[in-house]
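# Coordinates in review
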Amino acid sequence: MLKKSVAGILSVCMVLMLTACGKGQEQKPAVGESSEIQASGEGVVKIPIILTTGTNDSQDIQMRAIVEDFNREYEGVYQMEPEYLAGSSDDYRSKLKMLNASNSMPALIQVGPEPAFYELLVENDCLVNVAPYLEADGEWKSRLMPQGLQEFLREDGSMYMIPSSGMQLTGIYYNKELFEKAGIGEFPKTWDAFWEACEKLKENNIPALSLHTTETAWCPMLLSTAYLGASEAGRTFMDQQFPDDFETVEVKEAMELLIRQFQYTTPDAVGGTYALAANNFFSGNTAMIANGPWMMPSLTDEDYAEAGFAEKVGYAPFPENVMVGSMEQTSWCVTTDQGEAAAEGAIAFMKFYSREAYAQKRAVESGEFSSVVEIPQEDYDAMSSTMKECVDVTSDVDVVLPSYQTKWDPVIQNDVFGREIPNLVSGAISVDQFIEMLNQGAAQYKEDIQ
């Protein structure tokens, strides 16, 4: 029995452009079955993978546990060999690019937030086409999000990205105690009410928002791109892959919203990192932070927040009932760099990873909700109040907008954002100048790939 069906997260009024594709094969035991596969004469097949660590990300924590389970079940046949990389997702992607240059990427990778890099890997035959594997194993295919299966399938019938069993939608965490102190009764449902709440917090000497300008300005850019979800024109713009013309009324307003956010933040936001922004929220210095449900474990981890902090925290969609999410960000690709045996072992691991028990665990602990795997009532009841709110708002969201990180080109994200967002929010350049730089960045990217 379920508390709620979350199938609605991928149906009504959604805007989801998901890229992709790959190959596959090899069948292993289904859920509840034991492995009777014998090791080949060549010995155990080793399957390298890079796992980030040190960020208290629930996805990373769970992946480590699944790797250990897989190695126990497939002892003598396959062995996942994780390399633990301390750092952020930016560090992970930088390492992948370095390894790609020497044809030594691990067998399994995630490239969702780097669509240009993903397309480069497809063009250079660096990824395995998983479509045949999925067609050969209907039970495995049935556990994956049908929306991803449809969107990741390329015109030639190939598929290089394995859809996950669910998707994480990003909204806003907010400190109910600080809201109450400022006389705010509930999370604002409109943008006008949102700015009124920011003003009330400011009047009570409470920085409303945890912000930063490094790492593609993730937190403030979530708010700005979410704003685009409130209008049809904005949703159409976010539907584009690698847009080359940012000169629209909606984008201009979104960038004005980006600037406005920095009136309600901490002095260290300009030039600050995501980790600093998150720490400001966990420390009770700020009232809100835009982020996804993967941050949930930190709310109860006393290395990050004081005991009892989680009880103060609510979770809400962005104003106008918009959330942000892209299935690419939780999907995996199998590479060709480690050879055929490792690639087939990686497919076996992805089948293992998609088992219903693990999909349910990701839903409960990471907010990776699914239209094909349901959350048992007892699991819902055991959730923290914040995660329950996440389930509830995800079930009832009106618009899901793709993340800018999966839609905009790397020149814009890495060069223009990194160099100019601090100048934009500090007033050193105007919105019009910034948009001109976005267009120049898009033109540069197109020139680079020709």
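Position labels on residues start from 1 in each chain and follow its written sequence. It should be noted that, the model being predicted, local features are given only for residues of pLDDT at least 70 and side-chain atom pairs only at 80 or more, the latter also being counted only at that level, while totals for whole chains, interfaces and linings use all residues. Note that water and hydrogens are dropped before the side-chain values are worked out from all heavy atoms of the structure.

Working definition: helices are DSSP H or I runs of at least four residues, strands are E runs of at least two. Numbering for both runs from the N terminus. Secondary structure summary: the chain contains 19 helices and 11 strands in total. Note on definitions: a residue-residue contact is assigned when non-hydrogen atoms from the two residues lie within 4.5 Å. Partitioning the contacts of the chain with sequence separation of at least 6, the portion at a separation of at least 24 is 77%. Computed with the Shrake-Rupley method and a 1.4 Å probe, the accessible areas treat only the protein chains shown as cover for residues. Looking at the chain as shown, the accessible area adds up to about 17800 Å², and 46% of this sits on carbon and sulfur atoms.

Below, the discussion takes up the confidence of the model for the chain. Looking at the chain as a whole, the pLDDT averages 88, with 90% of positions reaching at least 70. Confidence drops under a pLDDT of 50 for residues 1-41, and excluding neighbours within four residues, the segment shows 139 contacts in the predicted structure. Per-residue confidence from the predictor is reported as pLDDT, which spans 0 to 100.

All right, on to the pattern of salt bridges then. The term salt bridge refers to a pairing of a side-chain nitrogen on Lys or Arg with a carboxyl oxygen on Asp or Glu at a separation within 4 Å. All chains considered together, the criterion is met by 18 salt bridges. Glu114 is the partner of Lys97 in a salt bridge, and the nearest nitrogen-oxygen pair spans 3.0 Å. With a gap of 17 residues between them, Lys97 in helix α2 (residues 89-101) and Glu114 in the loop between β3 (108-109) and α3 (115-123) connect regions that are remote in the sequence. Lys97 sits in the partly exposed class, given a relative accessible area of 31%. Relative accessibility decides the category of a residue: with a 1.4 Å probe and only protein chains considered, values under 20% of the type maximum give buried, values over 50% give exposed, and everything between is partly exposed.

So, about the side chain of Thr394. The residue Thr394 is located in helix α17 (residues 385-395) in this model. A relative accessible area of 0% means that Thr394 is categorised as buried. Nitrogen and oxygen atoms within 3.5 Å of one another constitute a polar contact, given that in protein one can donate a hydrogen and the other can accept it, and given that sequence-neighbouring residues count only through two side-chain atoms. Only 2.7 Å separates the side chain of Thr394 from the backbone oxygen of Cys390, close enough to count as a polar contact.

This paragraph deals with the side chain of Thr286. In this structure, Thr286 sits in the loop between α12 (274-282) and β6 (288-291). Judged by relative accessible area, which is 0%, Thr286 ranks as buried. Reaching out from Thr286, the side chain makes a polar contact with the backbone nitrogen of Phe281 at a distance of 3.4 Å.

It is worth spelling out the environment of Leu127 at this point. Among the structural elements, Leu127 can be located in the loop between α3 and α4 (131-136). Exposure remark for Leu127: the relative accessible area of 5% places this residue in the buried category. For Leu127 and Cys333, which are 206 residues apart along the polypeptide, the C-alpha to C-alpha distance reads 6.7 Å. The contacts of Leu127, once residues within four sequence positions are left out, are Ile109, Tyr118, Leu121, Val122, Tyr160, Cys333, Val334, Thr335 and Thr336.

Our next topic: the nonpolar core. The nonpolar side chains of soluble globular proteins are, as a tendency, buried together. The criterion is simple. A nonpolar core is a set of buried Ala, Val, Leu, Ile, Met, Phe, Trp, Tyr and Cys residues joined through side-chain atoms within 4.5 Å. Core analysis: the largest hydrophobic core is formed by 144 residues, its most contacted members being Phe194, Met288 and Phe349. No other element matches the 9 residues that helix α14 (residues 340-353) contributes to this core.

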